[in-house]
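Secondary and tertiary structure notes
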Amino acid sequence: MNATVDFKEVDEILARYRYSAGSIIAILQDIQAKYRYIPREVFPVLSEKLHISTAKIYSVATFYENFSLHPKGKYVIRVCDGTACHVRKSIPMLERMRKELGLSETKVTTDDLLFTVETVSCLGACGLAPVLTVNDKVYPSMTPDKASELLAKLREEDCDAVN
Amino acid sequence: MSTEFMMIDNMPVEIAGEQNILAVIRKAGIELPTFCYYSELSVYGACRMCVVEDKSGEIHASCSTPPQAGMEIRTNTPRLRKYRKMILELLLANHCRDCTTCEKNGKCKLQELAQRFGIKQVRFSNTAGDPELDTSSLAIVRDKSKCILCGDCVRMCEEVQNIGAIDFAHRGSKMTISTAFDEPIAATKCIGCGQCAAVCPTGAIVVKNDTAKLWKDLSDRNAKVVVQIAPAVRVGVGAELGLAEGDNVMGKIVAALRRLGFDEVFDTTTGADLTVLEEAGEFLGKVQKGEKLPLFTSCCPAWVKYAELNHPELMENISTCRSPMQMFGAVLKEHYSHSNRRVVVVAIMPCTAKKQEAARDEFKEAGVPYVDYVITTQELVQMIREAGIVFSEIEPEAVDMPFGATSGAGVIFGVTGGVTEAVIRRISDDKSVPALRAIPFSGVRGLQGVKETSLDYHGREVKIAIVSGIKNAENLIKKMQRGEKYYDFVEVMACPGGCICGAGQPVTDSEGKKRRSAGLYETDRMSTIKRSEENPVIMALYGGLLKGKVHKLLHVHYHGKA
Ligand code: SF4
Ligand code: SF4
Ligand code: FES
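In every chain, residue numbers begin from 1 and rise along the written sequence. Naming scheme: in the order in which they are written, chains are lettered from A and ligands are numbered from 1. Residues qualify for local features only when their pLDDT is at least 70, as the model is predicted, and side-chain atom pairs are given and counted only at 80 or more; totals for whole chains, interfaces and linings, by contrast, use all residues. Excluded from the side-chain calculations are hydrogens and water; all other atoms, namely the structure's heavy atoms, are used.

**Observations regarding the site of ligand 2**
Test applied: To be near a molecule or strand, a residue needs just one of its heavy atoms within 4 Å of it. Side-chain classes are defined by residue name, with Ala, Val, Leu, Ile, Met, Phe, Trp, Tyr, Cys and Pro counting as nonpolar, Asp, Glu, Lys and Arg as charged, and the others, Gly among them, as polar.
As a structural note, the neighbourhood of ligand 2 is formed by 13 residues, with Cys147, Cys150, Gly151, Cys153 and Cys200 of chain B the closest of them. For the shell around ligand 2, the class distribution of residues is ten nonpolar, two polar and one charged.

Below you can see the structure in the form of C-alpha cells.
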C-alpha cells in the first residue's frame, strides 16, 4: 500500500522553495508531511529538478533521524528513551508494544501499516516521564499495561473509522 | 613583496601561495601521511593523519590550516606520533586484516601507513565486518567493509566527475559510503570511469580484475589470443616495473606479451589512425553540408555513457566513430574470421570504462564481441610479475604484421588534446613542416582540464574545445547550451589529463602524469609517420579488408542506455 506519489504536488513543494538545492531539508520535510515518509519515487524527480545526485539526497535523508524512507503506520508511536524516561522504565513499555505488534528495533512498522513504533532521544517532557506520543499527541506517565490499553483503543478507533 | 617564511621542524620554508600548511610541509620534503587529502579535491579534513603541533602545543589538521608568515610548527613530536598511531589502530580495529588476499595488497595506504608507523598490534577489539561486495559493475568492485570513510571517492565522483553516484549515508557508527537506497552501483548513473578506485586508499573500491579469464584463454590451445595495446599503456608501466615513469616501453611490453603466450600482438594506435581518418571525414562532411555542429569525440566510453545518461539531446552530436579499440577490434575479428581456432581479441587499456564498452551490445556481432574483454595496465603489470618476467632485462620487440605500422598522430591519443591534434594534422590546409611544428603551440597540449584552439579551414574559422574531467565537460556543455560559447569540435575525455591518467593505469602523481605525457609526445617526435593518412597499413586496409565495410566495422549507432 505504498502511497502513490502525485508529482504535481511534489512540484508545488519544489516551486515553493524555488527549486533551490539549499532547501533540500525543508523540501524533504514537506514531502514527508504529505506522505508520512519520503517515497523512493520522488528521488529521481528531486535529483533532476534540484541538480543534486540521488545519492546526496539519500545522504541527507538518512542523516536525520526524523526522515523515514519507509511508509509509516497510520499511528506513529514514539517512545521517549531520554534519560528521565529511561530511568522511569520506558523500555518495558516499549518492549510490550513491540511484542504485541510483532515489531522490533529493525522492523518498526506493522504489515497492515497501522502502527509504527519508534524510539526518540528526548521529547523534552521529562516531567511527565515516561512519555510516548501518538501522531504528536502526548501520553504521559505510561506503563506497559497502559500501553497495551492504548494499542487496543487505537485499533478500535481505526475499525470505527472504517465502518 | 618580500618572501614569507614559516618554520617547519626548525627549518625555514618559503610560503609561495600554498593553500594549506600540508602543501608547504610536503614541499619541504616531509611526506606527511594523509588519507583524505588530494590537491585536486576539496578539503575534507576528516582523517586527522595530517596533524601538526604549533608552538603552544596546539594540534592542527595541516590540510585545512592556511600557512602564515612566522608560523612555527612541528610535524613529528611524540604526541603526534602517538596520535597517528591511535588513528591507525582505530581504523585497523574496524578493518579486515587479510591483506594477502586483498586486491589492494601492496598498494593500500592503510597497510603502508600501518607498516610505516610500526603498528604491531591493535589494542582495540576487532569489530571488522564481513565483506560487503558490490560486483554489479564491469569496471569497479566495491567492498564496503574495507572503507575508512575518508570520502575521497565521494568528492572525486561529485567534484571532478559531476556524477555523485555515491555519498555518505546514515551517521555515527552506521555511517557508510552508499548509492541511493544502497542499490547496486551499476544501477546508478556511474559511468565506470574508475576515478573513485584511483583515489580510494584501501581495497574498498578497486578496479575489476579480469586476469583469470585471460590466463585461461592463454593456456587454451584451441584459442588464438590476439592482443592490442593502447597508446597510454606504454608510458604507464615503467615506474611499476623498475624503469623510469613515463618512458615508452612498448617494445618490452610486446616481448613480455609474447612470453605470456599471446599469439599476435598489435598496437591500438593503428585503430587510432583509423579513427582520425573517419572522424576528420565525418567532421568535414558536416562542415561542408552545413550540418549541425559541434561534433563531440566518441573515443572515451565513460564520456559516451555520461552523455547517454544525462544528455540524450547531445547524442546526435556525438561522432558515430567507434573508439580506436573498437575499430581495431572489428578489424581484427574480420581479419581472423577464417581462423580454425577460436579467436579471442583482448585489449590492454589504461581504462576501466573500456571494460564496459567491450560488453556493449552495439559492439557485438551475432552475440560475439569484437573485443572479447579488456584488462587494464595494472592487470598487465600484475601478470608480468606473476609470470616472473624480469621486465628491466627483457629485450624489446616489434609488433606483428600486417598491422605493424602506426603514426605519431595515433599515439598521442593517449593524452588530452591528442585526438584533436591528430585531427588537425589531418584537416589543416597547410601540410608543411613548419605548420605541423606550430600545432603544439596552438593550445592543444598540456594537462589542464579545459583548452581552446582554432584553425583555418578553407577560410572558415573552426573553433575547437578540449576538455578532460566530466565536470569540465558539463560546464562547457552548459555554456554552449546557454549560447555563451560556440565550438565546432569538442574533444572530451572523462579522466583528467586523458588516458595516461586513466583509472586502469598505475596510480601516479602530477609529476608522473607530466612524464607520461612527455613520453607520448616524444614517441610522436620519433615517428617517421606523423599523419594518420600517411600510414601505409591504413591505406591498405581501406583498399582491402574495409572495402564496403567501413560503416559496418568502424561506425556505431548507440541505442541509448548502456
Ligand atoms: S566509477 Fe566514476 S562514476 Fe562510477 S562511482 Fe566511481 S567515480 Fe563515480
Ligand atoms: S570507499 Fe575508499 S575512498 Fe571511499 S570513503 Fe571508503 S576508503 Fe575512502
Ligand atoms: S589529510 Fe588532513 S584530515 Fe585527512
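**Focus: unusual backbone geometry**
Stated precisely, the cut-off is as follows: Strands here are runs of E lasting at least two residues and helices are runs of H or I lasting at least four, both read from the DSSP assignment and numbered beginning at the N terminus. Summary of the burial criterion: residues with accessible area below 20% of their type's maximum are buried, those above 50% are exposed, and those between are partly exposed, where the area comes from a 1.4 Å probe applied to protein chains only.
Between alanine 129 of chain A and the following residue, proline 130 of chain A, the backbone shows a cis peptide bond with an omega angle of -10 degrees. Following leucine 293 of chain B, the chain continues to proline 294 of chain B via a peptide bond in cis, the omega torsion being 10 degrees. Relative to the helices and strands, proline 294 of chain B is located in the loop between α8 (268–289) and β13 (295–296). Despite not being glycine, leucine 113 of chain A has its phi angle at roughly 55 degrees, a positive value. Tracing the chain through its elements places leucine 113 of chain A in the loop between α6 (90–101) and β2 (115–120). Judged by its relative accessible area of 16%, leucine 113 of chain A falls in the buried class. With phi around 65 degrees, arginine 48 of chain B is a residue other than glycine that occupies positive phi space. Structurally, the position occupied by arginine 48 of chain B is in the loop between α1 (21–27) and β3 (51–54).

**Here's the deal with helix α4 (residues 54–63) of chain A**
The test is simple: Working rule for contacts: check all heavy atoms of both residues, and any pair within 4.5 Å makes them a contact.
When you tally the buried positions in α4 of chain A, you get seven out of ten residues, the bulk of the element. Taken together, the buried positions of α4 of chain A are Ala55, Ile57, Tyr58, Ser59, Val60, Ala61 and Thr62 of chain A. Lining the buried residues of α4 of chain A we find α2 (24–35) and α3 (42–50) of chain A together with β8 (167–169) and β9 (176–178) of chain B.

**Observations concerning the domain arrangement of chain A**
Threshold: Boundaries between domains were set according to an automatic or database domain assignment.
Looking at chain A, the domain boundaries give domain 1 (7–63) and domain 2 (75–162). Computed over C-alpha atoms only, the centres of domain 1 of chain A and domain 2 of chain A are separated by 29 Å.

**A word on the side chain of lysine 146 of chain B**
Residues and elements named next belong to chain B. You can see lysine 146 is positioned in the loop between β7 (140–143) and α4 (152–160). Lysine 146 gets classed as buried once you look at its relative accessible area, which sits at 12%. The residues touching lysine 146, leaving out its near neighbours within four places in the chain, are His95, Cys96, Cys102, Thr202, Gly203 and Ala204.

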